[in-house]
Amino acid sequence: MALIGSSGRARAQACCAGTGAVTPGRLSLHESALIGAQVKASAILGSFDSSGHYASSPSGASEFDFEQDVFGALRVLKRGQITLLVPLVETRRTNGGRSEMGGGIGDVNLGLRYDFTLAGASSIVPGIAALAGITVPTGTPPDDSDLGPLATGSTGIGAYQINAGLAVEQTFGPWLVSATVIVAQRTARTVGAGDTAIHERLGAQWTALAAVAYTFPSEIALAMSASYTIEGDATINGADAIGTAHRLPTLTLSGVLPLADAWRLQGAIFDNVPITPLGLNQPAGAGLLLVGLLAMGACTPPAAPSAIPRGSFTGSDGKAHTLVDASANFTVIEFFSAHCPCQSAHDTRLRALASTYAARGVAFVAIDSEVGASAARAQGEAAQRRYTYPILVDPGGVAARSLGADYATYTLLVDREGRVLYAGGIDSDKSHLRGDATHYLRDALGDVLAGRPVQRPGAESLGCALMLR
Amino acid sequence: MPFRTLLLTLLIAGCGSASDPSTGDPTFPADPLQTLTSDSGKLRVEVRTAPQPPTRGGQTVQLVVTDATTGAPQTGLALEVVPWMPAMGHGGSVVPSVSENPPGTYVLTNVELFMPGTWQLRTSISRDAALDHVVPSFQIP
């Protein structure tokens, strides 16, 4: 509660961490790759029958399911990522005094995500992403003849599964709201031969997921999500198998604990809401999930802009300013976000840089291009952050667009004539400052003040997406 | 069978009868769980289970097959049975064994219904190349 109470100024932007709470294996902004492992344990506590009635598992019957997944994600396009998940699955069943445990490699999944727009980049257009995936039947289906009588060695469904989906998400300060719809179709499978052969195709499976996440200033995020899966009737040997449709509700509470910019732990508890008649033809249970992952940052710096806008901007000091301070030898322009934890994390370093280099003819300005930018907000933020330089107001985000600023803490170093000498992040840190960070801006300042060409003229900026509309 | 397991089985079976897999000699109730007509309409099949109603795990199933018109027991049939979960798209790993005793009464052993849901016993019935089908279906809690 103390965190909530003190979050008025430096609230974390939900897009930085909230999405991870909803989708563990997803790359966040600026991440180019990740690898992770997750451990899942669940218990089947009952089942919904073919009329939707829920009944608890009978005494003496139990099922525990375990899964350990290794997964990796790779950014293959600026807005596109691909995910591979390899599961190891185990089941323990007890029925009528007989217990059996088995397991093995499950069905491998390959997923694709493409973000057409980013959550938080606009107050009007939400983040919109297309999803696709395929699950390959690398596991063992329950009717494999090598399995024991309780089929605990079953680790897969025995068919390919193709997924397609659409995800919509938007941030509201520290809140993230998302909605996802996915449709899955399984390929037909034939079991047996001759007169008893069964050729079955399961019905199309639709899943709707709604989630809300809150990101604290520490970037710890909590999320609550509800999903509902509906599956149509199967067909067996060409005929509709009436009464084989599914329904299954799931409620999930999840959270993200960032240990550093690259490392994060995630956890979730989930439950299949055992209320008649929410489910149909499905076992139901509850379980927990723990995830640890290591993310790697992007390595492609943005293209430097060619020209600096010449207009004037109102500053937090009430005066009109140009982006390039003609009275200074060099000017640092930093794109500011009032809500981004990466911005807040760098305030101390920015103050120190401005103080150190002021005597050497380097001027600093921050510029607020986000929706809601105003002189009053700039004044309040500059005072609270104890900036020694002004925050300029960029109504409509005109300057940000013309300078290619997509993310907070994007920084330009320009000379008196407006030539861009450096464009990119302040340093290699995101929101967890490290002693061994690479100080891109400081190094560039050192180069230009020494009369050398800038050794690293560009680097990725790791702040939140700027909400420009 | 340990006393606790026997007691549990009796409780689950309720008023029906219980089977004891260790003896291989199940007792079926007098009243059938289901009475079905084969796909061709020529056969009548009474379905009993032990325990009845069936529970999660191993079952023994009795199919009493008679002529749908005359009620005469149908002897010498060849039955092939595939347990199947139509809503899940899979069956089980164990193929039930079929024996006929007494004539016209077929007993299926090793019927493993290992998870909750609707299970079918997709049964093909043949004699002298003539083929028929019947599909008893059970809801396993």
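Residues numbered from 1 in each chain as written. Chains lettered and ligands numbered in written order. Predicted model: local features only at pLDDT ≥ 70, side-chain atom pairs only at ≥ 80, totals over all residues.

## Considerations on the overall build of chain B
Along chain B, the regular secondary structure elements total 1 helix and 10 strands. In chain B, which comprises 141 residues, the proportion classed as buried is 47%. Across chain B, the fraction of contacts at a sequence separation of at least 24, relative to all contacts at a separation of at least 6, is 56%. (Helix = DSSP H or I, 4+ residues; strand = E, 2+ residues; numbered from the N terminus. Buried ≥ 20, exposed ≤ 12 C-beta atoms within 10 Å, placed from the backbone. Contact = placed C-beta atoms within 7 Å.)

## Observations regarding the overall build of chain A
Regarding its fold elements, chain A presents 7 helices and 26 strands. Dimensions of chain A along its principal axes, counting C-alpha atoms only, are 90 × 40 × 40 Å.

## Brief notes about the interface of chain A and chain B
Residue-level contacts link 41 residues of chain A with 30 residues of chain B. The set of elements that each furnish at least two residues to the side of chain A that touches chain B consists of strand E4 (80–95), strand E10 (189–191), strand E11 (198–201) and strand E14 (234–236) of chain A. Within the side of chain A that touches chain B, the residues separate by chemical class into 17 nonpolar, 15 polar and 9 charged. (Nonpolar A, V, L, I, M, F, W, Y, C, P; charged D, E, K, R; others polar.)

## Remarks on the sheet that holds E11(A)
Strands pair in a sheet through their backbones, by hydrogen bonds, and they do so in one of two ways: parallel or antiparallel. Residues and elements named next belong to chain A. Ordered by their spatial adjacency, 4 strands build an open sheet running E10-E11-E14-E15, and the pairing between neighbours is antiparallel. Of all strands in the sheet, those with a lone pairing partner are E10 and strand E15 (239–241), marking the two edges. Averaged over all adjacent pairs, the angle separating strand axes in this sheet is 30 degrees, with direction ignored. Judged from the 3 bridges that link them, E14 and E15 form a sheet pairing that is antiparallel. (Pairing = 2+ DSSP bridges. Axes fitted to C-alpha atoms, helices over the stretch in contact; angles between N-to-C directions.)

## Topic: the pairing of strand E1 (residues 31–48) of chain A
Residues and elements named next belong to chain A. In this structure, E1 lies alongside strand E18 (residues 282–297), joined through 16 bridges in antiparallel fashion. Looking at the pairing, Phe-48 lines up with Gln-282 of E18. As defined by bridge partners, E1 adjoins strand E3 (residues 62–75) across 12 bridges and the pair is classed as antiparallel. Residue pairing in the sheet places Val-39 in a bridge with Gln-68 of E3.

## Observations concerning helix H7 (residues 440–449) of chain A
Residue and element names in this part refer to chain A. For H7, the set of buried residues is Tyr-440, Leu-441, Ala-444 and Leu-445. Seen along its axis, H7 keeps its buried residues to an arc of 130 degrees; they face one direction. Backbone geometry just after H7 places Gly-451 at a positive phi near 80 degrees. (Arc of directions from axis to C-beta.)

## A look at the sheet that holds strand E2 (residues 43–50) of chain B
Residues and elements named next belong to chain B. Reading across from one edge, E1-E2-E3-E7-E6 is the order of the 5 strands in this open sheet, with antiparallel pairing throughout. At either margin of the open sheet sits one strand with a lone partner, and together these are strand E1 (34–37) and strand E6 (97–100). Within this sheet the neighbouring strands show an average axis-to-axis angle of 25 degrees, counted without direction. The pairing of E6 with strand E7 (residues 105–113) spans 4 bridges and is classified as antiparallel. Paired with Ser-97 across the two strands is Thr-109, which belongs to E7.

## Considering the environment of Ala72(B)
Residue and element names in this part refer to chain B. With respect to the secondary-structure elements, Ala-72 resides in the loop between strand E3 (57–67) and strand E4 (78–85). Note on Ala-72: 11 C-beta atoms within 10 Å, which makes it exposed. C-alpha separation for the pair Ala-72 and Pro-51, spaced 21 residues apart in sequence, amounts to 27 Å. For Ala-72, the contacting residues outside a window of four places in its chain are Thr-66 and Asp-67.

## What about the pairing of strand E22 (residues 362–368) of chain A?
Residue and element names in this part refer to chain A. Within E22, 7 of the 7 residues are buried, leaving the element largely enclosed by the surrounding structure. The side-chain alternation of E22 yields two buried faces, one formed by Val-362, Phe-364, Ala-366 and Asp-368 and the other by Ala-363, Val-365 and Ile-367. As defined by bridge partners, strand E21 (residues 330–336) adjoins E22 across 7 bridges and the pair is classed as parallel. Residue Thr-331 lies in a different strand from E22, and its bridge partner there is Ala-363. Strand direction decides the pairing type here: E22 and strand E23 (residues 391–393), joined by 3 bridges, are parallel. Its bridge partner being in E23, Asp-368 is matched across the sheet by Val-393.

## Considering the domain arrangement of chain A
Each assigned domain of chain A is listed with its residue range as follows: domain 1 (2–297) and domain 2 (312–459). When each unit is reduced to the centre of its C-alpha atoms, the spacing between domain 1 of chain A and domain 2 of chain A is 42 Å. (Domains from an automatic or database assignment.)

## Notes on the environment of Leu209(A)
Residues and elements named next belong to chain A. Tracing the chain through its elements places Leu-209 in strand E12 (residues 205–215). The exposure class of Leu-209 is buried, given the 20 C-beta atoms found within 10 Å. In contact with Leu-209, other than residues within four places in its own chain, are Thr-180, Ser-225 and Ser-227.

## Details of the confidence of the model for chain B
With 83% of its residues at a pLDDT of 70 or more, chain B shows a mean pLDDT of 85. When mean pLDDT is taken per element in chain B, E1(B) scores highest with 98 and helix H1 (residues 3–13) of chain B scores lowest with 35. (pLDDT = per-residue confidence, 0-100.)

## With respect to the nonpolar core
Nonpolar side chains in soluble globular proteins generally cluster together in the buried interior. Among the nonpolar cores identified, the biggest contains 64 residues, and Val365(A), Ile367(A), Leu413(A), Leu441(A) and Leu466(A) are the most heavily contacted of them. For this core, the element with the most residues is E22(A), which contributes 6 residues. When residues of this core are assigned to domains, at least three fall in each of domain 1 (2–297) and domain 2 (312–459) of chain A. When neighbours within four sequence positions are excluded, Leu441(A) is seen to be in contact with Val332(A), Leu353(A), Thr411(A), Leu413(A), Tyr422(A), Ile426(A) and Asp427(A). The next biggest cluster of nonpolar side chains, apart from the first, holds 34 residues, and it includes Val47(B), Val82(B), Leu108(B) and Ile125(B). (Core = buried A, V, L, I, M, F, W, Y, C linked by C-beta atoms within 7 Å.)

## Quick look at helix H4 (residues 347–358) of chain A
Residue and element names in this part refer to chain A. With 12 residues, H4 should cover 16 Å at 1.5 Å per step; its first-to-last C-alpha distance of 16 Å lies within 8% of that length. For H4, the complete set of buried residues consists of Leu-350, Leu-353 and Tyr-357. Down the axis, H4 shows its buried residues gathered within 65 degrees of arc, on one side only. Opposite the buried face of H4, by more than 90 degrees, sit the exposed residues Thr-348, Ala-352, Ser-355 and Thr-356. The secondary structure elements touched by the buried residues of H4 are E21, E22 and H7. (Expected span 1.5 Å × (residues − 1).)

## Concerning unusual backbone geometry
Glycine aside, residues mostly have negative phi, and peptide bonds are mostly found in the trans state. Residue and element names in this part refer to chain A. Look at the link from Thr-276 to Pro-277: it is a cis peptide, with omega at 0 degrees. Tracing the chain through its elements places Pro-277 in the loop between strand E17 (263–271) and E18. Backbone geometry places Asn-237, a non-glycine residue, at a positive phi of 50 degrees. Tracing the sequence through the fold places Asn-237 in the loop between E14 and E15. On the neighbour-count criterion, Asn-237 (11 C-beta atoms within 10 Å) is exposed. Its identity is not glycine, yet Asn-281 carries a phi of approximately 55 degrees, on the positive side. Tracing the chain through its elements places Asn-281 in the loop between E17 and E18.

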